[in-house]
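Structural characterization, general
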Amino acid sequence: MSDRYDPKTTPWEIEEKDFPAKGESEEKLRFLLRYAILAPSSHNTQPWKFAVRDNEIRISADKTRWLKVADADQRELHISVGCALENLVIAAQHFGYADQVEYFPQGEDSLVAVVKLIPEGKTERPRDPVLFEEIPRRHTNHKIYDARPIPEAQMARLHACCDEEGFWFFPTNEAPNEAELRRRVDELITRGDAIQFADPTYREELGYWIGQGVFGTPWLMAKITQLAVTYLNVGKRQAKNDSELLLSAPVLAALGSAVDDRKSQVKVGQIFERIALTATHLGMAVHPMSQILEIPELKTEVSTLLPKENLFPQHTFRLGYAEPEKEHTPRRSLEQVLLREAASIRTYKGGQHGRASD
Ligand SMILES: Cc1cc2nc3c(=O)[nH]c(=O)nc-3n(C[C@H](O)[C@H](O)[C@H](O)COP(=O)(O)O)c2cc1C
């Protein structure tokens, strides 16, 4: 690993052999967090904080990084934290720990989960061991996808990732009305882009995060793009791009849950991360497209498209094959997301003073 921290490269250069096998328990657990922070998150906000004590890791939602406009109900915030939790569990199991996850031990608050890690313990829900090495290789792929279909055997691997009661994975290629479904989703995405980009508060929020460099664009470019996004309604152009991306993919997929509470959203994040890592293992590309769930009236329409009644759509994405992305998105360093003081482990409730915590 290089001496200087570069958010776009250093976090991804993690090597298994650097696990401090002879170190203190907390040192080992902190190493596992280096896998957790490689998780995907909406707008790459990385809305998580961790505290390590003895054999326990506490994961909190960092609400200073909540997308108040795009993600008004904090669904994506909790899905993102779920993705980080899943990476942590996969890494912990790889290094021989059994995990016991307690969700929202203080009720639905910023403390999302307490993960107890027992060295050489027996794991109740073992993860597919191939997922571990995909953590630093996974990438959101924003490119045009090849039209070639996903073979049944690969679809079966993706289905196996959604193995919890009360959660469903719905890919369009298995629906009897596939063509009609794709057309309806495309229409919703086009409407979603038009609604969001006509809203100056949405553009300001998106511009702010682009200006923070979250997508890995060089500083000057990020600032120019921030200004353009903030002051120009590029909704039509965005809708055309998104429509091309969407329709190029052989599969559009949704994850749905029977219950719409915080714990379900965190679990959706865990399931999605397993799907994304499995897809990476199979040479597939994945791209969440969230606008249709960010606008309440469109979300209601999405729920009517699901092949099962009374479910809550939680996450929508496309799947297929594409040229790999060249660069990773940046990550905040472990130091930036670690809560240090013992007292804060018990009392952290998320920041309340604006958006950026660093
Ligand atoms: C809950 C959630 C929602 C997301 N929504 C979108 C989206 O609507 N459009 C998009 O291009 N990417 C979306 N993403 C992908 C993020 O932008 C991506 O994870 C982040 O930029 C980090 O990049 P990486 O996944 O390549 O590591 C979403 C990711 C998550 C976890």
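Residues numbered from 1 in each chain as written. Predicted model: local features only at pLDDT ≥ 70, side-chain atom pairs only at ≥ 80, totals over all residues. Heavy atoms only, no water.

**Observations concerning the site of the ligand**
What counts here: Only heavy atoms are used to decide nearness, and a residue is near a molecule or strand if one of them lies within 4 Å of it. Pairs of N or O atoms within 3.5 Å make up the polar contacts considered here, provided that, within protein, one atom can donate a hydrogen while the other can accept it, and that residues adjacent in sequence are counted only when both atoms are side-chain atoms. Shrake-Rupley sampling with a 1.4 Å probe provides the accessible areas, and residues are treated as covered by the protein chains on show and by no other component. Grid points spaced at 1 Å over the protein atoms alone were grouped into cavities, where a 1.4 Å probe fits but cannot get out, and pockets, open sets with protein on both sides within 12 Å along at least five of seven lines, with lining residues defined by an atom within 4 Å of a point. Assignment of a molecule to a cavity or pocket requires that more than half of its atoms lie within 2 Å of the corresponding grid points. Comment: elements are numbered from the N terminus, with helices defined as DSSP H or I runs of at least four residues and strands as E runs of at least two. Amino acids are sorted into nonpolar (Ala, Val, Leu, Ile, Met, Phe, Trp, Tyr, Cys and Pro), charged (Asp, Glu, Lys and Arg) and polar (every other residue, Gly among them).
Neighbouring the ligand are 21 residues, the closest being Arg138, Thr140, His287, Ser290 and Arg331. Threonine 140 places a polar side-chain atom, nitrogen or oxygen, 2.5 Å from an oxygen atom of the ligand. Here a nitrogen atom of the ligand and a side-chain polar atom of serine 290 are 2.7 Å apart. With the chains in place, 90% of the 620 Å² that the ligand exposes on its own is no longer accessible. Taken atom by atom, the bulk of the ligand overlaps the largest pocket. For the shell around the ligand, the secondary-structure elements that each account for two or more residues are α2 (75-94) and β7 (285-288). In terms of residue class, the shell around the ligand is made up of six nonpolar, twelve polar and three charged.

**Description of the packing of aromatic side chains**
This is how it is decided: Stacked, edge-to-face and tilted are the three classes for Phe, Tyr and Trp ring pairs, Trp counted by its six-membered ring, which pair at centre distances within 6.5 Å; planes under 30 degrees apart are stacked, over 60 edge-to-face, the rest tilted. Here's how the labels work: a residue is buried when its accessible area is under 20% of the maximum for its type, exposed when over 50%, partly exposed in between, all with a 1.4 Å probe on protein chains only. Over a ring means this: the NZ of a Lys or the CZ of an Arg is within 6 Å of the ring centre and within 35 degrees of the ring normal.
In total, this model carries eleven aromatic pairs according to the counting rule given. Judged by centre distance (4.8 Å) and plane angle (45 degrees), the rings of tyrosine 35 and phenylalanine 132 are tilted. One end of the pair, tyrosine 35, is in helix α1 (residues 25-36); the other, phenylalanine 132, is in the loop between β4 (111-119) and α3 (152-160), and 97 residues separate them in sequence. By relative accessible area, which is 2% here, tyrosine 35 ends up buried. Judged by relative accessible area, which is 6%, phenylalanine 132 ranks as buried. Ring centres of phenylalanine 197 and tyrosine 202 lie 5.5 Å apart, and the angle between their planes is 75 degrees; this geometry places the pair in the edge-to-face category. Just as phenylalanine 197 is buried, tyrosine 202 falls in that class too. Within the aromatic cluster, the residues linked to one another by ring pairs are Phe19, Phe31, Tyr35, Phe95 and Phe132. Across the ring face of tyrosine 321, the terminal group of arginine 148 is positioned such that the distance to the ring centre comes to 4.0 Å. Cation over ring: arginine 318 sits above tyrosine 145, and NZ or CZ is 3.7 Å from the ring centre.

**Some remarks on a nonpolar patch on the surface**
Our working definition: Each patch is built from residues that are more than 30% exposed by relative accessible area and take part in no salt bridge. Like charges join if they lie within 9 Å; nonpolar side chains (Val, Leu, Ile, Met, Phe, Trp, Tyr) join within 5 Å. The working definition used for a salt bridge is a side-chain nitrogen of Lys or Arg within 4 Å of a carboxyl oxygen of Asp or Glu.
A contiguous nonpolar surface patch, about 380 Å² in accessible area, is contributed by Trp219, Leu220 and Ile224. Here leucine 220 shows up in helix α6 (residues 219-231).

**Observations regarding the pairing of strand β1 (residues 48-53)**
We apply this condition: Whether two strands pair comes down to DSSP finding at least two bridges between them.
Along β1, five of the six residues are buried, which leaves the element largely enclosed by surrounding structure. Bridging between β1 and strand β2 (residues 56-61) involves six bridges; their strand directions are antiparallel. Along β2, the bridge assignment pairs arginine 53 with glutamate 56. Linking two consecutive strands that pair antiparallel, namely β1 and β2, is a turn of two residues; a positive phi of about 50 degrees is found at aspartate 54 within it. The pairing of β1 with strand β9 (residues 338-339) spans two bridges and is parallel. Each bridged residue has a counterpart across the sheet, and for alanine 51 the counterpart in β9 is leucine 339.

**Focus: the domain arrangement of the chain**
Defined as follows: The source of the domain bounds is an automatic or database domain assignment. The contact definition used throughout considers only heavy atoms, calling two residues in contact when any of these lie within 4.5 Å. Put simply, buried area is the surface a 1.4 Å probe can reach on two separate parts but cannot reach once they are joined, added for both.
Splitting the chain by domain gives domain 1 (10-139 + 328-347) and domain 2 (152-198 + 233-320). The centre of domain 1, based on its C-alpha atoms, is set 24 Å off from the matching centre of domain 2. Residue-level contacts link 29 residues of domain 1 with 28 residues of domain 2. In total, about 2,500 Å² of surface goes out of reach between domain 1 and domain 2, with carbon and sulfur atoms giving 58% of it. At the junction of domain 1 and domain 2, the tally comes to six salt bridges. Its salt-bridge partner being aspartate 128, residue arginine 157 comes within 3.7 Å of it at the nearest N-O pair. Seen at the junction of domain 1 and domain 2, the total is ten residue pairs in polar contact (both at pLDDT 80 or more). With ten residues, the single largest contributor to the side of domain 1 that touches domain 2 is α2.

**Quick look at the sheet that holds β4**
Two strands in a sheet stick together by hydrogen bonds in their backbones, pointing the same way (parallel) or opposite ways (antiparallel). In plain terms, the rule: Convention adopted: a line fitted to C-alpha atoms gives each axis, helices being fitted over their contacting stretch, and angles between N-to-C directions are expressed from 0 to 180 degrees.
The strand order β3-β4-β2-β1-β9 describes an open sheet built from five strands, whose pairing is mixed. Looking at which strands have only one partner, the edges of the open sheet turn out to be β3 (97-103) and β9. Packed on one face of the sheet, α1 meets β1, β2, β3, β4 and β9 and runs near 160 degrees to β1.

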